[in-house]
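A structural walkthrough
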Amino acid sequence: MTIAPRPHSDPKRPSLRWLIEYTDPSGKRRRKFFRSKREAQLFASNLQSEARGAGLEAASLSPAERRAHVEALEKLRPYNVSLLDVVNAYVAGREREAALQHRPIGELVEEFIGALATSNLRPSTIDSLTSELGHFCRFVGEDQPVAHVGEEDCRRYVFAAGASPRTSTNRRLRLSRFFRWTLKQGHVLANPVEAVERPRNEAPRPSILSPQQARALMESAAELAGGKWLPYVACCLFAGLRPQAECERLDWSDVDLAARTIVVRSGKLRQRRVVEIPANAVQWLAPYARQSGPVAPEKKRSSTTLRDVREHAGIREWQADVLRHSALTYRLALTGDEARVAQWGGNSPGTLHRHYRALATGEQAREFFDIVPDGSGELIRFGNAGEEAEAQA
C-alpha cells in the first residue's frame with residue numbers, strides 16, 4: 001500500500017498545506033491535514049509500517065477466515081458501519097449479560113409480590129398478579145434464571161392452548177409488569193414480553209336481562225336470606241354500579257335515598273362520581289337502608305350466594321357484569337343521550353356507543369325502570385323504613 005502526501009489549499013485554514021487520505025483498520029475512510037510536507041511524509045511512513053504489520057497478521061488467517069472477513073465487510077458496507085464497531089457492540093452485550101446475577105425467576109417473583117405490598121394497588125390486583133406469576137413460574141420452571149426466560153417462553157404461555165383472547169391479553173399485561181420491574185432492577189437486559197404480539201380481542205355482545213328476568217331476580221333477592229342480597233342487586237341492576245370495583249366497597253353512608261344519589265368514592269379508575277338513583281330503585285332500597293355499614297353482604301359470612309339468588313329466579317345464563325350491562329343498556333334506550341349516560345355510568349361515550357346501543361327498545365326500557373316492589377304505589381322515603389327494617393331484623 002502506497003500512501004503519499006498531496007498539496008492542499010483551504011482559505012479558512014491556510015496553515016494546513018498538506019493532506020493524506022487513507023483507510024483505517026476498521027474500514028473507514030479518513031483525511032488528515034499537516035502544516036509541512038515532512039510531517040505528512042512521517043505520518044504516511046508510520047501508516048505503511050502499521051499496514052505491513054497488519055498484512056503479516058492477515059496472512060496468518062485461514063482462507064475461510066479471510067473469506068468471512070470479506071463477506072462481513074460487504075454486508076456492513078450499505079450501513080456505513082465498520083466490522084470493529086459491530087464486534088465491539090456484540091462483546092459489550094455479552095459482557096453485560098455475563099454481569100447479570102442470573103437469579104431464579106421463582107425467587108424474584110416472591111420479591112416482586114413483596115414489593116407490591118407497599119404499593120397503592122388494590123388487593124384483588126395483587127392477588128391476580130400473584131396467581132398469574134405463580135402459574136408462569138411453574139410453566140418455565142421456578143429455578144430457571146430470569147435472564148434466560150425469553151420471548152418464545154412468554155409467547156407460548158400467553159397463547160397456550162385453550163386461552164381466550166381476553167385471557168391472553170391479561171396474561172401478557174401481568175407478565176410485562178413483572179419483567180418491567182426486573183429490567184428496572186437490573187436482572188434482565190430487556191423485557192421479553194415486548195416482542196410478544198398483542199392478542200386481538202373481539203368484544204362480545206353484552207348480555208342483558210329482560211325486564212321479566214329483572215323482576216324475577218329482584219323478587220328472588222327479596223325472598224332469600226331475609227333480603228340481604230337485595231340492596232346489592234338493586235344498586236348494580238338499576239343504578240349501574242360495577243359489582244366488584246364499586247358495589248362491594250359501597251357503604252350505606254354514601255347512599256342518600258332522599259336526594260336519590262350514591263357517591264362512588266373509588267371506582268374503576270379510582271375516580272369519585274355521584275350516581276343518580278332511579279326512582280324504582282329507591283323503592284327497593286328504602287326498607288333496607290341504614291345509616292352506615294356495607295351495602296353488599298359479606299361473602300364469607302353468607303350461606304346464600306348471588307348464584308343462589310339468580311338460580312332461584314330461574315336465570316341460567318349469566319355473563320359477568322350482566323347487572324351493570326342491563327342498567328346502561330336500558331338507560332341509554334330510555335334517554336338516547338350517550339354523553340349523560342356515559343357520565344352516569346362512569347364510561348366514555350365511545351364505549352357506550354360501541355357496546356350498548358340498540359340492545360333494547362324504549363318500551364323495554366320503560367318496563368325495566370317501572371319494576372317496583374309488589375304493592376308499592378308510591379315512593380318510599382329514606383328514614384323510618386330503614387329503622388323499621390333494622391328493628392325487625
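Everything here concerns the structure above.
Quick look at the structure, then. (Residues numbered from 1 in each chain as written. Predicted model: local features only at pLDDT ≥ 70, side-chain atom pairs only at ≥ 80, totals over all residues. Heavy atoms only, no water.)

1. Considerations on the sheet that holds strand 4 (residues 255-256)
Strand order in this open sheet of three strands is 4-5-6, and the pairing throughout is antiparallel. Only two strands of the sheet have a single partner each, and these edge strands are strand 4 and strand 6 (273-276). Summarising the sheet, strand 4 and strand 5 (residues 261-264) pair through two bridges and their orientation is antiparallel. Residue pairing in the sheet places Val 255 in a bridge with Ile 262 of strand 5. (Pairing = 2+ DSSP bridges. Helix = DSSP H or I, 4+ residues; strand = E, 2+ residues; numbered from the N terminus.)

2. So, helix 9 (residues 230-237)
Since one α-helical turn is 3.6 residues long, residues separated by three or four positions face the same way. Burial analysis of helix 9 places eight of its eight residues in the buried class, the great majority of the element. Inspection of helix 9 places Leu 230, Pro 231, Tyr 232, Val 233, Ala 234, Cys 235, Cys 236 and Leu 237 among the buried residues, and these make up the whole buried set. Tucked into the core, helix 9 has its buried residues touching helix 8 (211-223), strand 5, helix 10 (279-285), helix 11 (306-312), helix 12 (322-335) and helix 15 (362-369). (Buried < 20%, exposed > 50% of the residue type's maximum accessible area, 1.4 Å probe, protein only. Contact = heavy atoms within 4.5 Å.)

3. Points about helix 5 (residues 123-140)
With 18 residues, helix 5 extends 26 Å between its outermost C-alpha atoms, agreeing within 8% with the 26 Å of an ideal straight helix rising 1.5 Å per residue. For helix 5, the full list of buried residues reads Ile 126, Leu 129, Glu 132, Leu 133, Gly 134, Phe 136, Cys 137 and Val 140. On its buried face, helix 5 sits against helix 4 (105-116), helix 6 (151-158) and helix 7 (165-184). Count one or two residues on from helix 5 and you reach Gly 141, which has phi positive near 100°. (Expected span 1.5 Å × (residues − 1).)

4. As for the environment of Ser 9
With respect to the secondary-structure elements, Ser 9 resides in the loop between strand 1 (6-7) and strand 2 (18-23). Each C-alpha atom of the pair Ser 9 and Leu 19 lies 9.1 Å from the other, and the pair is 10 residues apart in sequence.

5. Topic: the sheet that holds strand 3 (residues 29-34)
Strands sit in the order 1-2-3 across an open sheet of three strands; the sheet is antiparallel. For this open sheet the edge positions go to strand 1 and strand 3, each flanked by a neighbour on one side alone. Summarising the sheet, strand 1 and strand 2 pair through two bridges and their orientation is antiparallel. Its bridge partner being in strand 2, Pro 7 is matched across the sheet by Trp 18.

6. A short note on the packing of aromatic side chains
According to the stated counting rule, one finds 13 aromatic pairs in the structure shown. Both rings, one in Phe 112 and one in Phe 178, keep their centres 5.5 Å apart while their planes meet at 75°; by these two values the pair is edge-to-face. Placement of the pair is Phe 112 in helix 4 and Phe 178 in helix 7, with a sequence separation of 66 residues. Pair check on accessibility: Phe 112 and Phe 178 agree, each one buried. (Phe/Tyr/Trp six-rings, centres within 6.5 Å; stacked < 30°, edge-to-face > 60°.)

7. A look at a nonpolar patch on the surface
On the surface, Leu 84, Val 87, Tyr 90 and Val 91 cluster together into a nonpolar patch covering about 360 Å² of accessible area. The topology assignment puts Val 87 in helix 3 (residues 83-99). A residue is classified by how much of its surface remains accessible, and Val 87, at 40% relative accessible area, is partly exposed. (Patch = residues over 30% accessible without salt bridge, like charges linked within 9 Å, V, L, I, M, F, W, Y side chains within 5 Å. Areas by Shrake-Rupley, 256 points an atom, 1.4 Å probe, with all protein chains shown as cover. Salt bridge = Lys/Arg side-chain N within 4 Å of Asp/Glu carboxyl O.)

8. Focus on the pairing of strand 5
Two faces make up the sheet, and in a regular strand the side chains alternate between them. Between strand 4 and strand 5, which pair antiparallel one after the other, the connecting turn spans four residues, and Arg 260 there sits at a positive phi close to 55°. Of the strand pairs in this sheet, strand 5 and strand 6 are connected by four bridges, and their pairing is antiparallel. When the bridges of strand 6 are listed, Ile 262 appears paired with Val 275.

9. Topic: the side chain of Glu 132
Positionally, Glu 132 belongs in helix 5. Classification of Glu 132 as buried rests on a relative accessible area of 8%. A polar contact of 2.4 Å, which involves the side chain of Glu 132, links it to the side chain of Tyr 157. (Polar contact = N/O pair within 3.5 Å; in protein donor to acceptor, adjacent residues only side chain to side chain.)

10. Structural notes on the environment of Ser 302
Mapping Ser 302 onto the fold places it in the loop between helix 10 and helix 11. Separated by 74 residues in sequence, Ser 302 and Lys 228 place their C-alpha atoms 8.9 Å apart. Dropping the residues within four chain positions of it, Ser 302 is found in contact with Lys 228 and Trp 229.

11. Comments concerning the nonpolar core
One finds Leu 237, Phe 238 and Ile 262 to be the most contacted residues of the largest nonpolar core, which totals 53 residues. Once you skip the residues sitting within four places of it in the chain, Leu 237 turns out to touch Leu 209, Ala 214, Met 218, Leu 323, Ser 326, Ala 327 and Phe 368. With 24 residues, the next largest nonpolar core counts Ile 105, Phe 136, Cys 154 and Leu 175 among its residues. (Core = buried A, V, L, I, M, F, W, Y, C linked by side-chain atoms within 4.5 Å.)

12. Side note on the packing of helix 6 against helix 7
Taken N-terminus to C-terminus, the directions of helix 6 and helix 7 make an angle of 145°; their axes are 9 Å apart at the nearest point. Judged by residue contacts, Cys 154, Tyr 157 and Val 158 of helix 6 engage Ser 168, Arg 171, Arg 172, Leu 175 and Phe 179 from helix 7. Tallied by class, the residues present in the contact of helix 6 with helix 7 amount to five nonpolar, one polar and two charged. (Axes fitted to C-alpha atoms, helices over the stretch in contact; angles between N-to-C directions. Nonpolar A, V, L, I, M, F, W, Y, C, P; charged D, E, K, R; others polar.)

13. Some points on the pattern of salt bridges
Per the counting criterion, the structure on display carries 22 salt bridges. Arg 156 is paired through a salt bridge with Asp 153; the nearest N and O atoms lie 3.1 Å apart. Taken together, the residues span about one helical turn, with Arg 156 and Asp 153 both in helix 6 at a distance of three residues. On the accessibility criterion, Arg 156 (44% relative accessible area) is partly exposed. Relative accessible area serves as the criterion here: at 19%, Asp 153 is assigned to the buried category. Measuring nitrogen to oxygen at the nearest pair gives 3.6 Å for the salt bridge that ties Arg 215 to Glu 219. Of this pair, Arg 215 and Glu 219 both sit in helix 8, four residues apart, which is roughly one turn of that helix. When salt bridges that share partners are traced, they join Glu 151, Glu 152, Arg 155 and Glu 197 into one network.

Purely geometric numbers; function is a separate question.
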